[in-house]
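# Coordinate inspection notes
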Amino acid sequence: MRALTLTSANMARRFLTSLALFAVASLPAGAAVAAEDIWPELKEDIFGDRPILDGQDWVQLEAPYRAHDAAVVPIDIAALRPQEKDRYIKSITLVIDENPAPVAAVFHLGKSIGLASLSTRVRVNAYSHIRAIAEANDGQLYMVSRFVKASGGCSAPAGKDPDEALASMGRMKLRQFPMSTKPAAPKVSTAVSGGMSELREAQIMIRHPNHSGLQMDQITRYFIPAHYVSDIEVRQGDEVILAVEGAISLSEDPSIRFHYVPNGSSQLNVVIEDTEDQVFTKSWDIQSASSGS
Amino acid sequence: MHLSLTSALAVFLLSLQAPVSAAEITPADVTEVAPGAFVRHGVHALIDKNNAGGIANIGFVIGSESIAVIDSGGSFLDGARLRAAIKQRSNLPIRYVINTHVHPDHIFGNAAFLQDTPIFIGHRNLPRAMQARGAHYLAANKLLMSAAAFEGTEVIPPSQTVESQSVIDLGERRLVLDAVKTAHTDADLTVLDESTGTLWTGDLLFQKHLPVVDGRLKGWLEVMDKLSALPVTRAVPGHGPVSLPWPEALEPQRAYLTKLAGDLRGLIAEGKTMRHASSIAGQSERDKWLLFEEFNTRNATAGFAELEWE
Ligand SMILES: [Zn+2]
């Protein structure tokens, strides 16, 4: 699996700057109020000079107006058109401008995903734009964004129970949903070709502290290294449905909800890797369309 | 610019002073809830420019030899006001500053007590929690309150931690400190003042102000069951009236957390997304609490992430 490529000069500088600021136990004013538009610089880091068009015909990004819990902010990306044979989204990049590592995840969508609607949870450090950038099959980029306000004074983008997350690290859960519970948002109708009636929905969850590494050990004065889920791959049989490059902005116990069109395989197979080269694998029998999670 | 030696020295000495000089400090208004046990009532509000972070119930217990502060307040100024209230009543040394958990409204007054060189005490997980959240809390709260209130605020970690239980003696007055499992947060500490049967719960107990889940819903309900069996007369909640009868005081919070957990379990079983479920769960309890709008969605979000693993 590939590693998330976030190592351009600007990105590295930005990351080091945040480390330095954490070291003196304070954050720039911009961390709490998005004072300046840092997107142009970020955009160049992530996508270079590739043009990005308005994505409102492709996807809708749903997030709470406020990051009620800074550590767990639910993000829903709803595809507004199905994945068609000659017109589909091949990847979606989720960016949180003001976070220390702005790229939260890159979702690479397999041919059998059916619908590019995804849900996940992220940490939001400060008032920030959150962006979903979809890359179409022809390479064109399309972007939608929302502005999310920071949480109040006693919430923090830290883990709730690091001991528990570490003790049960690697435990996975797959939820399979009957289609009746699919959120109504996408305007995908029965007119879609390719057997959309078979579209299924599932959610993969893994216990992991997804440690940001931005905290200083009080005794040694060294930063505790980041330890997070770097890759999630979901297949039906051998066919990849979804491959996710993760980073520290994903919440503790990462969770991805996704769709797929069954290809006749009997099992969903999941492989998850973290930055300490731990590999967690698990398989589940695919439930019949009528049974619940 | 040229500074004479004298003025340079004056600047240096000034910089050594506490940010707000003692003479300007208005002592906190405290209530004696049991003999020698005083509580400053926290306003039911978010931290803002007017309240100096004084939104939690904080206080102190006076023994025959020394004094323990139980939560220091939400800013340097909030802590300094509590300290002034202590100095009005006793000249005994302030030997302990106990932090019941990591939230800024309970720890940000610590620096106001540095001059007393107390032992700062907290749960075994408190140093880690301060490390993970301290910088974020400083940055966020600096913007919420007035500069005069925030100035001097620091994260002061505990110099002594409680593994499971510790006892401190203030002179003919024992305080029993219990480090509980993850509940309101992962670093909650209770303080039992044995001689008066007073239990300082920190934020393991809320009344009026909606409880805030920043740990584990299930763990919190279990901790409440354990606490309810304690033979105490009264509790000092982290938010709510300064003194409440025990164990009845637990009931509104138990009802809310139980309802929230029940709603969430139902929504999870229906396959609802976290975003959708967090906008619905617990809403029937809206009229029973203050700050419901500010915290219910947060609680439902945290609870969803927890209960989804059941
Ligand atoms: Zn609290």
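Residues numbered from 1 in each chain as written. Chains lettered and ligands numbered in written order. Predicted model: local features only at pLDDT ≥ 70, side-chain atom pairs only at ≥ 80, totals over all residues. Heavy atoms only, no water.

What follows is about the pairing of strand β8 (residues 165-169) of chain B. Residues and elements named next belong to chain B. Residue alternation in β8 divides its side chains into a buried set, Ser166 and Ile168, and an unburied set, Gln165, Val167 and Asp169. As paired elements, β8 and strand β9 (residues 174-179) share five bridges and run antiparallel to each other. Along β9, the bridge assignment pairs Ser166 with Leu177. Hairpin connection between β8 and β9: a loop of four residues separates the two successive antiparallel strands, and Gly171 in this loop has a positive phi of roughly 95°. (Buried < 20%, exposed > 50% of the residue type's maximum accessible area, 1.4 Å probe, protein only. Helix = DSSP H or I, 4+ residues; strand = E, 2+ residues; numbered from the N terminus. Pairing = 2+ DSSP bridges.)

Right, let's get into the nonpolar core. Formed by 52 residues in total, the largest nonpolar core has its most connected members in A:Ile92, A:Phe107, A:Ile204 and A:Leu242. In this view, A:Leu242 contacts A:Phe107, A:His108, A:Leu109, A:Gly110, A:Ile113, A:Leu118, A:Ile232, A:Glu233, A:Val234, A:Ile256 and A:Phe258; residues no more than four positions away in its chain are not counted. Grouped together as the second largest cluster of nonpolar side chains are 44 residues, B:Leu210, B:Met224, B:Leu227 and B:Leu260 included. (Core = buried A, V, L, I, M, F, W, Y, C linked by side-chain atoms within 4.5 Å. Contact = heavy atoms within 4.5 Å.)

Its 19 residues place the ends of helix α7 (residues 251-269) of chain B 27 Å apart at the C-alpha level, agreeing with the 27 Å of an ideal helix rising 1.5 Å per residue. Looking at α7(B), one finds that the buried residues are B:Gln253, B:Arg254, B:Tyr256, B:Leu257, B:Leu260, B:Ala261, B:Asp263, B:Leu264, B:Leu267 and B:Ile268. Buried residues in α7(B) make contact with β9 (172-177) of chain A together with β11 (198-206), α6 (217-228), α8 (274-278) and α9 (292-307) of chain B. Once α7(B) finishes, B:Gly271 follows within two positions and takes phi at roughly 85°, a positive value. (Expected span 1.5 Å × (residues − 1).)

Residue and element names in this part refer to chain B. Coordination sphere of the zinc ion, protein contribution only: His101 (NE2), His103 (ND1), His184 (NE2) and Asp203 (OD), at 2.1 to 2.2 Å. One can describe the donor arrangement at the zinc ion as irregular, given that its four donor atoms subtend angles of 86 to 165° at the metal. Along the chain, the residues donating to the zinc ion fall in the pattern H-x1-H-x80-H-x18-D. Across the pair, His103 and His101 agree in class, each one buried. (Donors = N, O, S within 2.8 Å, 3.2 Å for Na, K, Ca; no water. Tetrahedral: all angles 85-135°; square planar, octahedral: opposite > 155°, others 65-115°.)

A separate point is the packing of α6(B) against α7(B). Residue and element names in this part refer to chain B. Two elements in contact, α6 and α7, have axes whose closest approach is 10 Å; the angle formed by their N-to-C orientations is 150°. On the basis of the axis angle, α6 is roughly antiparallel to α7. For the element pair α6 and α7, the recorded crossing hand is left-handed. Contact residues: Leu217, Lys218, Trp220, Leu221, Met224, Asp225 and Ser228 in α6; Gln253, Arg254, Leu257, Thr258, Leu260, Ala261, Leu264 and Arg265 in α7. Classifying every residue of the contact of α6 with α7 by side-chain character gives eight nonpolar, three polar and four charged. (Axes fitted to C-alpha atoms, helices over the stretch in contact; angles between N-to-C directions. Parallel < 35°, antiparallel > 145°, perpendicular 65-115°, else oblique. Left-handed = near helix turned anticlockwise from the far one by under 90°. Nonpolar A, V, L, I, M, F, W, Y, C, P; charged D, E, K, R; others polar.)

Another aspect to go through is the sheet that holds strand β1 (residues 52-54) of chain A. Residue and element names in this part refer to chain A. Taken in spatial order, the nine strands of this open sheet run β1-β8-β7-β4-β5-β12-β11-β14-β15, and their pairing is mixed. The open sheet has two edge strands with one neighbour each: β1 and β15 (279-285). The sheet shows a mean angle of 20° between the axes of neighbouring strands, taken without regard to direction. Bridging between β1 and strand β8 (residues 141-148) involves three bridges; their strand directions are parallel. Bridge pairing in β8 links Ile52 to Leu141. This element, helix α3 (residues 39-47), spans β1, β4 (89-96), β5 (103-109), β7 (128-136) and β8 of the sheet and lies at about 140° to β4.

For the rest of this paragraph, the subject is the confidence of the model for chain A. Residue and element names in this part refer to chain A. On average, residues of chain A score 83 in pLDDT, and 76% of them are at 70 or above. Every residue in residues 1-35 is under pLDDT 50, and counting partners more than four places away or in other chains gives 62 contacts. Here residues 180-195 is a poorly scored stretch, pLDDT under 50, and it has 19 contacts once near neighbours within four places are set aside; other chains count. (pLDDT = per-residue confidence, 0-100.)

All names here are of chain B. On the secondary structure map, Leu204 appears in strand β11. Residue Leu204 is classed as buried on the basis of its relative accessible area, which comes to 1%. Separated by 71 residues in sequence, Leu204 and Arg275 have C-alpha atoms that sit 26 Å apart. Setting aside chain neighbours within four positions, we find Leu204 in contact with Val180, Ala183, His184, Asp188, Thr190, Trp220, Val223, Met224, Leu227 and Gln253.

Packed helices, taken two at a time, are described by the angle their axes make and the gap between the axes. All names here are of chain B. The N-to-C vectors of α7 and α9 enclose an angle of 55°; their axes lie 10 Å apart at closest approach. Considered as vectors, α7 and α9 are oriented oblique to each other. α9 is crossed by α7, and the crossing has right-handed handedness. Contact residues: α7 offers Tyr256, Leu260, Ala261, Leu264, Arg265 and Ile268, while α9 offers Phe292, Asn296, Asn299, Ala300, Gly303, Phe304 and Leu307. Tallied by class, the residues present in the contact of α7 with α9 amount to nine nonpolar, three polar and one charged.

With that settled, the discussion passes to the interface of chain B and chain A. Counting residues at the interface gives 40 residues for chain B, matched by 45 residues for chain A. In total, about 3,800 Å² of surface goes out of reach between chain B and chain A, with carbon and sulfur atoms giving 55% of it. Remark: the boundary between chain B and chain A carries seven salt bridges. Between B:Arg128 and A:Asp163 there is a salt bridge, with its nearest N and O atoms 2.6 Å apart. Counting across the interface, chain B meets chain A through 17 residue pairs in polar contact (both at pLDDT 80 or more). Contributing elements (two or more residues each) for the side of chain B that touches chain A: α4 (126-144), α7, α8 and α9 of chain B. For the side of chain B that touches chain A, the leading source of residues is α4(B), giving 13 residues. (Buried area = accessible area lost by both parts, 1.4 Å probe. Salt bridge = Lys/Arg side-chain N within 4 Å of Asp/Glu carboxyl O. Polar contact = N/O pair within 3.5 Å; in protein donor to acceptor, adjacent residues only side chain to side chain.)

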